[in-house]
Amino acid sequence: MKILIENYSNYLSTEPQYLAQCINQTTSKAELWNTNQLSAFDAIDLASPDIVLCHHSCKVLTDVIKYLKDSDIELILNISGIKQNSLSIVEKIINKNNIKCKLLITNDHKEINPLKSENFKILNLLPSADIFIPKQQVPDWNIEAGLISLSNGLDKKQIDQYTEKYSTIHRIMIANTNETLTNLFDYSINIINGCSVYNKYKNIILHLSTKLAFSQLLFDIYLRANNVILETDDRNLTSQILNSLFENEDKNISTTEKIKNQIKKKHTCINRSQKILKTLDCNNDAEILEKIINDTHIYNSL
């Protein structure tokens, strides 16, 4: 199998990159496609894929639809963040153009964005920890807490409450590439360089809306941090989702360690890639990834 993947990575997700990296460790092959560098027609022509995977928000989705119309090339569409009425419209377009849609995938937890499709299988592919993100050199600050939030996620009063609670604290802003650091924060991170700082603090406080809290950030942070404190706008829903993802097993270790251990077993980018391969009936390739999952040495560099 050969799959062309639109690189829809953003400051909260590296999913296209880690799917490609994992698939390329099997007998199947994946190519990443940057829509800013290559048109849909050129990208598909050059790759000659069996499957095209792209996001529903892809700026050249119309061209992808045109190319795949009446084609044998199959489509996988990431519908994360879509509304139900918009999904219905997308489905009609796919059917009208006689496109072979292999499946739809969503990164949204069903408690946050429940979706139904009348025509296609929806694969719930939750975000995961990207174990391939390389470490960067960061000083050992010996700081008690790192408070992580969006630029508009905290006001001065809330930040002051955390500052009073911890003797030393860094205020860290999760930033898009076009965002400017505000004076409420000490520095900014994105999904990639953030992975080098999470273990530099005794405590990481992740302060986000429930919807954003269950992005890739959650998995990357729990995998790498010493201790995680999760603060959201809906504690009941947050607790419900956490309980659906992580088992309350060994009571002799901290919650952070429990979640860290379970992420290694069930919630890394290799697990998610394996899930896609199994859904596509690429079972031999899924077995190759199973061997990698069971190799504990892959976590040594985190």
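Refer to the structure above for everything that follows.
What comes next is a walk through the structure. Not measured: the values here are computed from a predicted model. All residue numbers refer to position in the chain's written sequence, counted from 1. Only residues with pLDDT of at least 70 are given local features in this predicted model, and only at 80 or more are side-chain atom pairs given and counted; all residues enter the totals for whole chains, interfaces and linings. With hydrogens and water set aside, each side-chain value is computed from the structure's full complement of heavy atoms.

Digging into the nonpolar core
In step 1: To define a nonpolar core, start from buried Ala, Val, Leu, Ile, Met, Phe, Trp, Tyr and Cys residues and group those joined through side-chain atoms within 4.5 Å. We call a residue buried when its accessible area falls under 20% of the maximum for its residue type, exposed when it is over 50%, and partly exposed in between, using a 1.4 Å probe and counting protein chains only. Ranked by size, the top nonpolar core spans 67 residues in total, and within it I148, Y198 and I221 carry the most contacts.
In step 2: With six residues, helix α7 (residues 216-224) is the single largest residue contributor to this core.
In step 3: By definition in these notes, contact holds between two residues if any of their heavy atoms fall within 4.5 Å. Setting aside its immediate chain neighbours within four residues, I148 contacts I172, I174, I189, Y198, I204, I205, L206, H207 and I221. Secondary structure counts use DSSP, requiring at least four H or I residues in a row for a helix and at least two E residues in a row for a strand, with both numbered from the N terminus.

Observations concerning the environment of R235
In step 1: Tracing the backbone shows R235 in helix α8 (residues 235-245).
In step 2: A relative accessible area of 61% places R235 in the exposed class.
In step 3: Sequence spacing of R235 and S209 is 26 residues, and the spatial spacing of their C-alpha atoms is 10.0 Å.
In step 4: A distance of 3.2 Å separates a polar atom in the side chain of R235 from a polar atom in the side chain of E231. The definition of a polar contact used here is a pair of N or O atoms within 3.5 Å, where within protein one atom must be able to donate a hydrogen and the other to accept one, and adjacent residues in sequence count solely through side-chain atom pairs.

What to know about the packing of helix α2 (residues 40-47) against helix α3 (residues 61-68)
In step 1: Contact geometry of α2 with α3 gives a least axis separation of 9 Å together with a crossing angle of 45°. Considering the angle they form, α2 stands oblique to α3. Of α3, the residues touching α2 (which contributes A40, F41, I44 and D45) are D63, V64, K66, Y67 and L68.
In step 2: Residues that form the contact of α2 with α3 fall into these classes: six nonpolar, no polar and three charged. For every element, the axis is a line fit to its C-alpha atoms; helices are fit only across the contacting stretch, and the angle between N-to-C directions ranges from 0 to 180 degrees. Any angle from 65 to 115 degrees is called roughly perpendicular, while one under 35 is roughly parallel, one over 145 is roughly antiparallel, and all others are oblique. We call Asp, Glu, Lys and Arg charged. Ala, Val, Leu, Ile, Met, Phe, Trp, Tyr, Cys and Pro are nonpolar, and the rest, Gly among them, are polar.

Comments concerning the packing of aromatic side chains
In step 1: Any Phe, Tyr or Trp ring, taking Trp's six-membered ring, that has another such ring centre within 6.5 Å forms a pair; planes under 30 degrees apart are called stacked, those over 60 apart edge-to-face, and the others tilted. Overall, the coordinates contain four aromatic pairs when judged by the stated rule.
In step 2: Seen in terms of ring centroids, W141 and Y187 are 5.8 Å apart; in terms of plane orientation they differ by 45°. Their pairing is tilted. Pair noted here: W141 is in the loop between β6 (122-124) and β7 (143-150) and Y187 is in strand β9 (residues 187-189), with a separation of 46 residues, a long-range link.
In step 3: Given a relative accessible area of 28%, W141 falls into the partly exposed group.
In step 4: Note on F219 and F246: the rings are 6.3 Å apart at their centroids and 50° apart in plane angle, and the pair reads as tilted. Placement of F219 in helix α7 and of F246 in the loop between α8 and α9 (255-266) is noted, with a sequence separation of 27 residues between them.
In step 5: Overall, the relative accessible area of 1% leaves F219 in the buried class.
In step 6: The structure contains a cluster of three or more aromatic residues connected by ring pairs, namely W141, Y187 and Y201.
In step 7: A cation over a ring is seen here: R272 above F219, with NZ or CZ 5.8 Å from the ring centre. Two conditions define a charge sitting above a ring: the NZ of Lys or the CZ of Arg must be within 6 Å of the ring centre, and it must be within 35 degrees of the ring normal.

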